[in-house]
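Each chain, written out:
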Amino acid sequence: MPSRKHAVVAGFAFVLAFTEASPAFAGRQVHGGDVARILTGRNFRIESVDGTQGRGQVSAHGLAGVSYRRPSDNREANDNAVLRVKGVEICLAWKEFGGGGGGCYPVSEEAAGRYRLSTGPLWCDISPK
C-alpha cells in the first residue's frame, strides 16, 4: 500500500480543480487508458488536496513532465515520471519527486474534463488545457 507521501506525489502529477464537480460526473470511475490517451500530447493543469499546483504534459512515449509549486515553498520544481495504465488505475514512477518511487491510483471523472487520482482522502485533479 502506498504511503501518504507517495499518494499525494503520484496524484499530484496530474491535478486541477478550478471548477466545481458536477453531480452527473462526480466520482464516476473511468478507465486509466482513456484518461492517458486524453492527456497524451496535451498540456494539463494540476491541483492537489495539499495545495500543490502546477502544469505538465504527457509525451507519446508515456513520460509525464511536471512543473509545480508547493504551498509551503514559492520555488518552482520539476520532475518526470513514467506513466503506465493498469485497468482503472494510472501508475506513476517518479524519478525525484518525494524521493522517487511510484504507485497505482484509481481514476474518476469529477466533472467534464476533470479527472481525479486518489487514495483514500488524498487526491489530485488533472484537467487538460
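For the structure, see preceding data.
Structure report, in brief. (Residues numbered from 1 in each chain as written. Predicted model: local features only at pLDDT ≥ 70, side-chain atom pairs only at ≥ 80, totals over all residues. Heavy atoms only, no water.)

## With respect to the state of the cysteines
And then number 1: Here the structure, examined in full by the defined rule, presents one disulfide.
And then number 2: A sulfur-sulfur separation of 2.0 Å characterises the disulfide bridge that pairs Cys-91 with Cys-104. Residues Cys-91 and Cys-104 share a disulfide whose torsion about the S-S bond is about 105 degrees; that sign makes it right-handed. Placement of Cys-91 in strand E6 (residues 89–94) and of Cys-104 in strand E7 (residues 101–111) is noted, with a sequence separation of 13 residues between them. (Disulfide = S-S within 2.5 Å. Helix = DSSP H or I, 4+ residues; strand = E, 2+ residues; numbered from the N terminus.)

## Here we look at the pairing of E7
And then number 1: Across two bridges, the pairing between strand E1 (residues 28–29) and E7 is antiparallel. Paired with Gln-29 across the two strands is Ser-108, which belongs to E7.
And then number 2: Sheet analysis places E6 next to E7, joined by six bridges and oriented antiparallel. Each bridged residue has a counterpart across the sheet, and for Leu-92 the counterpart in E7 is Gly-103.
And then number 3: With four bridges joining them, E7 and strand E8 (residues 114–119) adopt antiparallel strand pairing. Of the residues in E8, the one forming a bridge with Val-107 is Leu-117.
And then number 4: Following E7, the chain reverses through two residues before pairing antiparallel with E8; Gly-113 in that reversal takes a positive phi of roughly 80 degrees. (Pairing = 2+ DSSP bridges.)

## Remarks on the environment of Thr-52
And then number 1: With respect to the helices and strands, Thr-52 occurs in the loop between strand E2 (43–48) and strand E3 (53–58).
And then number 2: Expressed as a C-alpha distance, the spacing of Thr-52 and Arg-70, which sit 18 residues apart in the sequence, is 4.4 Å.
And then number 3: In terms of polar contacts, Thr-52 uses its side chain to reach the side chain of Asp-50, at 2.8 Å. (Polar contact = N/O pair within 3.5 Å; in protein donor to acceptor, adjacent residues only side chain to side chain.)

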